[in-house]
Amino acid sequence: MARPSPTIIASIETQDGSTWDIMQADAQYVVTYQGRPCGVRQHVNTLTTQGFKYQKLSYTHLGNAQAQVNRLNHKFNTDKFNVMEVA
């Protein structure tokens, strides 16, 4: 079964020849912790780098958001992460 064609809202062509499209999304899905949108960061301390890495927690496809929820629930040994649909 072929993937359905997206609805393209706008399109631009850059000087290097690449084309960028803005596609319509049916919904936006965010990862929540205890029912509230959250952020997740990882502390990075190496010899050359100090700072934070932030996890992506907003998705246009439900399956990707649910997979991230499963990973976070497993990593933090909890079941308090969930997915919320934003209109």
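Each remark here, short or long, concerns the structure printed above.
Everything numeric here is computed off the predicted structure, so don't read it as measured data. (Residues numbered from 1 in each chain as written. Predicted model: local features only at pLDDT ≥ 70, side-chain atom pairs only at ≥ 80, totals over all residues. Heavy atoms only, no water.)

## Regarding the packing of aromatic side chains
At step 1: A complete count under the given rule lists 3 aromatic pairs for this structure.
At step 2: Look at Tyr 33 and Phe 81: their rings are 4.9 Å apart centre to centre, the planes differ by 55°, and that puts the pair in the tilted class. Taken together, the positions of Tyr 33 in strand β3 (residues 28-33) and Phe 81 in strand β8 (residues 81-86) put the pair 48 residues apart, joining distant regions of the chain.
At step 3: Note on Tyr 33: relative accessible area 34%, which makes it partly exposed.
At step 4: For the pair Phe 52 and Tyr 54, a centre-to-centre distance of 6.3 Å together with 55° between the ring planes defines the contact as tilted.
At step 5: In this structure Tyr 54 comes out as exposed when scored by relative accessible area, which is 60%.
At step 6: By the ring-pair criterion, three or more aromatic residues cluster together here, those being Tyr 33, Phe 76 and Phe 81.
At step 7: Residue placement shows Arg 41 over the ring face of Phe 52; its charged tip is 3.8 Å from the ring centre. (Phe/Tyr/Trp six-rings, centres within 6.5 Å; stacked < 30°, edge-to-face > 60°. Helix = DSSP H or I, 4+ residues; strand = E, 2+ residues; numbered from the N terminus. Buried < 20%, exposed > 50% of the residue type's maximum accessible area, 1.4 Å probe, protein only. Lys NZ or Arg CZ within 6 Å of the ring centre and 35° of its normal.)

## Overview of the nonpolar core
At step 1: Ala 27, Tyr 29, Val 31, Val 40, Leu 57, Tyr 59, Ala 65, Val 69, Leu 72 and Phe 81 together form the largest nonpolar core, which totals 10 residues.
At step 2: Those elements that place two or more of their residues in this core are β3 and α1 (62-75).
At step 3: When residues of this core are assigned to their parent elements, the largest contribution, 3 residues, is made by α1.
At step 4: Contacts of Phe 81, omitting those with residues within four sequence positions, involve Val 31, Thr 32, Tyr 33, Cys 38, Val 40, Val 69, Leu 72, Asn 73 and Phe 76. (Core = buried A, V, L, I, M, F, W, Y, C linked by side-chain atoms within 4.5 Å. Contact = heavy atoms within 4.5 Å.)

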